[in-house]
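What the coordinates show
One-letter residues, chain by chain:
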Amino acid sequence: MDPSEVKKDLYPPIEPYDTGFLKPVAFLHGGPGAGTSPANRRFFDPEFYRIVLFDQRGSGRSTPHACLEQNTTWDLVADIEKLREHLDIPEWQLFGGSWGTTLALAYSQKHPDKVTGMVLRGVFLLRKKELDWFYEGGAAAIFPDAWERFRDFIPEEERNCFIAAYSKRLTSSDPTVQMEAAKRWTTWEMMTAHLIQNNDDINLGEDDKFSLAFARIENHYFMNKGYLPSDSYLLDNVDKIRHIKAFIVQGRYDVCCPMMSAWDLHNAWPEAELKVVPDSGHSAYEVGISAELRSSTDKLRDMLRK
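The structure displayed is predicted, hence computed values, not measured ones. (Residues numbered from 1 in each chain as written. Predicted model: local features only at pLDDT ≥ 70, side-chain atom pairs only at ≥ 80, totals over all residues. Heavy atoms only, no water.)

This part is about the overall build of the protein. When helices and strands are counted, the protein shows 11 helices and six strands. Against the globule reference of 19 Å for 306 residues, the protein gives a C-alpha radius of gyration of 19 Å, in line with a compact fold. Projected onto its principal axes, the C-alpha coordinates of the protein cover approximately 60 × 40 × 40 Å. Residues counted as buried form 56% of the 306 residues belonging to the protein. In the protein, of all internal contacts separated by at least 6 residues, the share reaching a separation of at least 24 is 74%. Summed over all atoms, the accessible surface of the protein reaches about 13,700 Å², with 51% contributed by carbon and sulfur. Taken as two groups, the 36 positive and 46 negative side-chain charges of the protein have centres that lie 3 Å from each other. (Helix = DSSP H or I, 4+ residues; strand = E, 2+ residues; numbered from the N terminus. Rg over C-alpha atoms; globule rule 2.2 N^0.38 Å. Buried < 20%, exposed > 50% of the residue type's maximum accessible area, 1.4 Å probe, protein only. Contact = heavy atoms within 4.5 Å. Areas by Shrake-Rupley, 256 points an atom, 1.4 Å probe, with all protein chains shown as cover. Lys, Arg positive; Asp, Glu negative; His and termini not counted. Charge placed at Lys NZ, Arg CZ, Asp CG, Glu CD.)

In structure tokens form, the structure reads like this:
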């Protein structure tokens, strides 16, 4: 596609509705623990798509808030399937970013006959090397200023594993300790999510409700290796979804989910179209990323219209 043809603007804000005969697409939010927002609808043509947003367990408007019990990848996969059945949707597209790519891959590999297309942004395969990069000092080489506040909350004798050290505090019986740990964990990620730091995102680290769910649930999943049977599970099962039309959108300078994972997925699944955005980081709302995400959902729309 000629770069001049790429649509730079997202679709206008819309309000939800629950009737009609549009092609369904399920939006799978990140984190885990981030929840959805109305802006998430703007990646899709509202005249074509029936856009389904849902807050995963413990996130957003789901209750109980920030709850870790019965909260695993496979619980969420089952929830997505129950939602599809509840909405009487025979099959649908999936759109996921960051953790949403992990969940999209897990769901589609479990239910490959229910997925007609996928858009995956900022690929996260939940492997040890990805967690080590972001939480054990790798990304600190790029954001040493942001890393210090995350690091300094943990005593030196516990810094051999920051995920485990934060888990101890995020599950503390002292709510004050929980909250401080949550804010530091969330702020670290929000300070690294854009190529050019975004103050609105960084301020989410001071939002008690958001940061508590975001930090507790993320850390819970990462402590448990995403509840995946093996480190390379999602790559090992690509054959199950090879028939599904997919688009991978990856920021070249994504620090949260570095490009190695998108590259590994594309090598295992060359049928999936990979678009590397040269001037972007992790966030879906960076201009180049947003343009490619809308372009991808429009391509799937046009394919379905034929």
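Within the structure shown, the criterion is met by 27 aromatic pairs. Ring plane angle 20 degrees and centroid distance 5.5 Å describe the contact between Phe-27 and Phe-95, whose orientation is recorded as stacked. Placement of Phe-27 in strand E1 (residues 23–28) and of Phe-95 in strand E3 (residues 92–97) is noted, with a sequence separation of 68 residues between them. In this structure Phe-95 comes out as buried when scored by relative accessible area, which is 3%. An aromatic cluster of three or more residues is present, and its members are Phe-124, Phe-134, Tyr-135, Trp-147, Phe-150, Phe-153, Phe-162, Tyr-166, Trp-185, Trp-188 and Phe-222. (Phe/Tyr/Trp six-rings, centres within 6.5 Å; stacked < 30°, edge-to-face > 60°.)

The full count for this structure, using the stated rule, is one cavity of 30 Å³ or more. Taken as a whole, the largest cavity encloses approximately 100 Å³ of empty space. Counting only elements with at least two residues in the lining of the largest cavity, the list comes to helix H3 (128–135) and helix H8 (208–223). Here the element with the most residues in the lining of the largest cavity is H3; it accounts for four residues. Each residue belonging to the lining of the largest cavity can be placed in one class, and the counts come to seven nonpolar, three polar and three charged. (1 Å grid on protein atoms, 1.4 Å probe; cavity = no way out; pocket = protein on both sides within 12 Å on 5 of 7 lines; lining within 4 Å. Points joined across faces, edges and corners; volume = space filled by probe spheres on them. Nonpolar A, V, L, I, M, F, W, Y, C, P; charged D, E, K, R; others polar.)

Under the UniProt annotation, "domain: AB hydrolase-1" (unreviewed entry) lies at residues 24–287. Along residues 24–287 the backbone is 39% helical and 13% strand, and the end-to-end C-alpha distance reaches 25 Å. (UniProt positions renumbered as here; feature names shortened; annotations may be inferred.)

For any two helices packed against each other, the geometry comes down to the angle between their axes and how far apart the axes lie. In the contact formed by helix H6 (residues 175–190) and H8, the axes pass within 8 Å of each other and the chain directions differ by 80 degrees. The orientation of H6 with respect to H8, classified from their angle, is roughly perpendicular. Touching Gln-178, Met-179, Ala-182, Lys-183, Trp-185, Thr-186, Glu-189 and Met-190 of H6 are Asp-208, Phe-210, Ser-211, Leu-212, Phe-214, Ala-215, Arg-216, Glu-218, Asn-219 and Phe-222, all from H8. In terms of residue class, the contact of H6 with H8 is built from nine nonpolar, four polar and five charged. (Axes fitted to C-alpha atoms, helices over the stretch in contact; angles between N-to-C directions. Parallel < 35°, antiparallel > 145°, perpendicular 65-115°, else oblique.)

With the rule as written, the count across this model stands at zero disulfides. With no disulfide of its own, Cys-257 lies 6.2 Å from the sulfur of Cys-256, the closest cysteine sulfur. Using a relative accessible area of 4% as the deciding quantity, one classes Cys-257 as buried. (Disulfide = S-S within 2.5 Å.)

All right, on to the environment of Cys-256 then. By secondary structure assignment, the location of Cys-256 is in the loop between strand E5 (245–251) and helix H10 (259–268). The exposure class of Cys-256 is buried, given its relative accessible area of 9%. The spatial distance from the C-alpha of Cys-256 to the C-alpha of Trp-133 is 8.5 Å, given a sequence separation of 123 residues. Excluding residues within four positions of it along the chain, Cys-256 makes contact with Phe-134, Glu-189, Thr-192, Ala-193 and His-282.

With that out of the way, let us pick up H8. Between its terminal C-alpha atoms H8 stretches 22 Å, which fits the 22 Å expected from 16 residues at 1.5 Å a residue. A large share of H8 lies buried, amounting to 13 of its 16 residues. Where H8 begins, one side-chain oxygen reaches toward the backbone nitrogen of Lys-209, 3.1 Å away; that side chain belongs to Asp-207. Once H8 finishes, Lys-225 follows within two positions and takes phi at roughly 55 degrees, a positive value. (Expected span 1.5 Å × (residues − 1). Polar contact = N/O pair within 3.5 Å; in protein donor to acceptor, adjacent residues only side chain to side chain.)

Here E5 pairs with strand E6 (residues 273–277) via five bridges, running parallel. Its bridge partner lying in E6, Gln-250 is registered against Val-276. (Pairing = 2+ DSSP bridges.)

A few words on the packing of helix H4 (residues 144–152) against H6. Relative to each other, H4 and H6 sit at 160 degrees, their axes nearing to 9 Å. With respect to each other, H4 and H6 are oriented roughly antiparallel. Regarding H4 and H6, the two cross each other, and that crossing is left-handed. Judged by residue contacts, Ala-146, Trp-147, Arg-149, Phe-150 and Asp-152 of H4 engage Glu-180, Lys-183, Arg-184, Trp-185, Thr-187 and Trp-188 from H6. Here the residues of the contact of H4 with H6 are counted per class, giving five nonpolar, one polar and five charged. (Left-handed = near helix turned anticlockwise from the far one by under 90°.)

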